[in-house]
Amino acid sequence: MSSAELSQIAINAILLSGILALVALGFSLVWGIMNIVNLSHGAFIVVGAYLTFWLHAAFHVDPFLSIPISMVVLFALGYLIQRALINQVIRAPLLATFLLTFGLEILIVNLLNFFFKADTRSVMTAYSGAGFVIGPVRVPYIRLGALVVSLALVLALGAFLNRSRLGRAIQATGMDIDAARLTGVQVRTIYALTYGIGAALAGAAGSLLSTLVSFDPNLGGTYTERAFVICVLGGLGNVVNVIIGAVVYSVVEVFVGSRLPALSQAITFGILVLVLVVRPTGIAGKSV
Amino acid sequence: MKRTGFYSALALGLLLALPAPAPAADNTIVFGAAISITGKTAKEGEYTRDGYQFAIDRLNELGGVKVGGKSYKLALKYYDDETKPERTAQLIEKLINEDKVNLILGPYGSSPTGTAAPICERYKIPMVEANGSAESIFAKGYKYSFMILSPAKLYLRGIIDAVRAKDPGAKTVAILGENESFSKEVAQGAADYAKEKGMEVVYHELYPSNAQDVSALLTAIKGKNPAILLGSGHLQDSLLIVKQSKDLGVSPKAMGFSVGPSSPEFRENLKGSADYVFGATQWTEALRYTGDDPWKTPKAFADAFRAKHPNYKSIPYQVAESAVAVIAYQKALEKAGSIDPTKVRDALAGIDLSTYYGRVKFDARGVNIYKPMAVEQYQPNGNKYTVWPADVAEKPALYPMPAWDKR
């Protein structure tokens, strides 16, 4: 492998890990705080992608500017879904939330199929594919922008959870629901907020992805899967873990992909199994 | 004892009284199909269904099919296989056993076709399939499955030929394919053909299905600086490869794909980045075939289809090949003079038709190796032209593709 290729691959991995961290961030939050493996996460991502596509096609809204819109819309959607549906089964066995979020995923995907058809879409802007060159390495603007936005959102979520009163209430609820309730935390509201934030982050990821890959209503499943792997690799409980998980995932996928692409998923999942056996709490997760 | 006898008699009576499974109406031949209406290939599934239905409707308008002096109407009974090959197999079984369909039309895609074929074989019901071109399906000695389209290994040949006609000096080719039966065969077929033509295959790798990032492969390819970059996957893969090639400044002299460019979505998604890209296609409406079928020429077929489906601007080849599967059945039924599945199967094995879709004839395995692949290219005026084979080309191919930063 030449040094030019090696440095390009390293940059590719860094750029990919940014977007994947954002893909997994909301999923990790919901899982960590509420113990819900949210199988509809990928569908929320796709909704964000479609919103961005629609705003761009109909009103020429720049995909980066549509990120806040996606986030607000998905926050509202997530909040309502949690309030109306998931709160009903929150104390039920894990399987109930599995089924419910799985059902939601199917519902959302089919609604998207109905409204947007199964056509493949992507958002192309004037700066799509443009980039700058440092030595042998090419850095596309969009991927760099996606990395910056992702990191900003990861840091913002970290600051929110650790610094703000509400953020601490969310963390407290995740640690001990009964103790939190005793101190006056409104668990239902906190759960709805958490789920809403998770959905909002999925929306942001969807907006960014719409500029990077082509999508149709069925794209979500593969991103739910990636989010799951990243959370298991990195461990739950801290936004930094998500970054670690995303970096490990991207490095494996990109480096293995450059020489043995046919095996890249097999090796990624192989590492997943290995981590589960050796360190079930994830690479950076705290042991319980 | 008496009682037992009574109950046995009662049971027997009930059994006899049970209605026999409803046979299809006397004068209707029902085609059964499991098609991907949802899932990864939902779009292609829609093309497939619309193609089948269009041909069935047209033949019914013309009075149906004459079999042994009797006129039959045609009908389509289909289920959604959700792009899950194992579901396809279950549905084919259900269509044959419960719905009692007469004949099977294939699903969309090689993997589902591969799971449908053994079921048809077991029940001795013929399947004419129009959307699964992996030859591996036909290496198992099935007698009841027939492939109407050019097989996978021919897919990228036309692109290599078209480029070599322009530039005999184009000597290196990089191939990346999706790790899935059809795309693998396409990639292997292209690699073999390139070597046969004295070219060097500088890169040949497979990426996993559902890949969302192929930057690693493209970075490796960039270092090899190939004259031709060929991709064999599906629409989303082709879009991803073009986008990431632009991201990474991978600029071969020609870029071509087995699947993707033929769909109108290719340009809608890529806009100007689609220009100069070659696409393999089973069929285009610009081809100059004449045939013995209700439409006779590709142009007439396309116009008639558009009149019924105004939402289609250009007609995807999946529509044409699916429709011609119904025509193959029509001719075979007429020839067999019977709707007995085995007799229809024998008639299919012997047909040799000229159609708007090109020649339809099956080799001993049931594969239509007699029709060549065509090549299309997007050109900077925003249109797509058939540029190969040369004798039916609308326009000459544009070559080389300018580097990404020089457009």
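Residues numbered from 1 in each chain as written. Chains lettered and ligands numbered in written order. Predicted model: local features only at pLDDT ≥ 70, side-chain atom pairs only at ≥ 80, totals over all residues. Heavy atoms only, no water.

A.B. asks: How would you sum up the sheet that holds strand β4 (residues 103–105) of chain B? Please name residues and give values.
C.D. replies: All names here are of chain B. Pairing is mixed in the open sheet, where six strands are placed in the order β2-β3-β1-β4-β5-β6. Two strands bound the open sheet, and with one partner strand each, they are β2 (65–67) and β6 (145–147). The sheet shows a mean angle of 30° between the axes of neighbouring strands, taken without regard to direction. Here eight bridges tie strand β1 (residues 28–35) to strand β3 (residues 70–80), and the two strands are oriented parallel to one another. Paired with Ile35 across the two strands is Asp80, which belongs to β3. Contacts from helix α2 (residues 42–61) reach β1, β3 and β4 within the one sheet, and its direction differs from that of β3 by about 165°. (Pairing = 2+ DSSP bridges. Helix = DSSP H or I, 4+ residues; strand = E, 2+ residues; numbered from the N terminus. Axes fitted to C-alpha atoms, helices over the stretch in contact; angles between N-to-C directions. Contact = heavy atoms within 4.5 Å.)

A.B. asks: How would you explain the side chain of Thr41 of chain B if you had to name every residue and give the values?
C.D. replies: All names here are of chain B. Mapped onto the elements of the fold, Thr41 is located in the loop between β1 and α2. Of note is the side chain of Thr41, whose polar atom sits 2.8 Å from the side chain of Ser36. When residues no more than four places from it in sequence are discounted, the contact partners of Thr41 are Ser36, Thr83 and Tyr108. (Polar contact = N/O pair within 3.5 Å; in protein donor to acceptor, adjacent residues only side chain to side chain.)

A.B. asks: Go over the side chain of Glu105 of chain A with me, naming the residues and quoting the values.
C.D. replies: By the secondary structure assignment, Glu105 of chain A is in helix α4 (residues 94–116). One buried charged residue, Glu105 of chain A, forms no salt bridge at all, with the nearest opposite charge on Lys84 of chain B at 8.9 Å. Other than its neighbours up to four places away in sequence, Glu105 of chain A contacts Leu39, Ser40, Ala43 and Gly221 of chain A. (Buried < 20%, exposed > 50% of the residue type's maximum accessible area, 1.4 Å probe, protein only. Lys, Arg positive; Asp, Glu negative; His and termini not counted. Salt bridge = Lys/Arg side-chain N within 4 Å of Asp/Glu carboxyl O.)

A.B. asks: Account for the pattern of salt bridges, naming residues and giving values.
C.D. replies: The final tally for this structure, using the stated rule, is 25 salt bridges over all chains. Its salt-bridge partner being Asp292 of chain B, residue Lys331 of chain B comes within 3.4 Å of it at the nearest N-O pair. With Lys331 of chain B in helix α11 (residues 317–336) and Asp292 of chain B in the loop between β11 (278–281) and α10 (298–308), this residue pair connects regions lying 39 residues apart in the sequence. Note on Lys331 of chain B: relative accessible area 15%, which makes it buried. Taken together, the shared-partner salt bridges in this structure form one network comprising Asp119 and Arg121 of chain A together with Lys43 and Glu46 of chain B.

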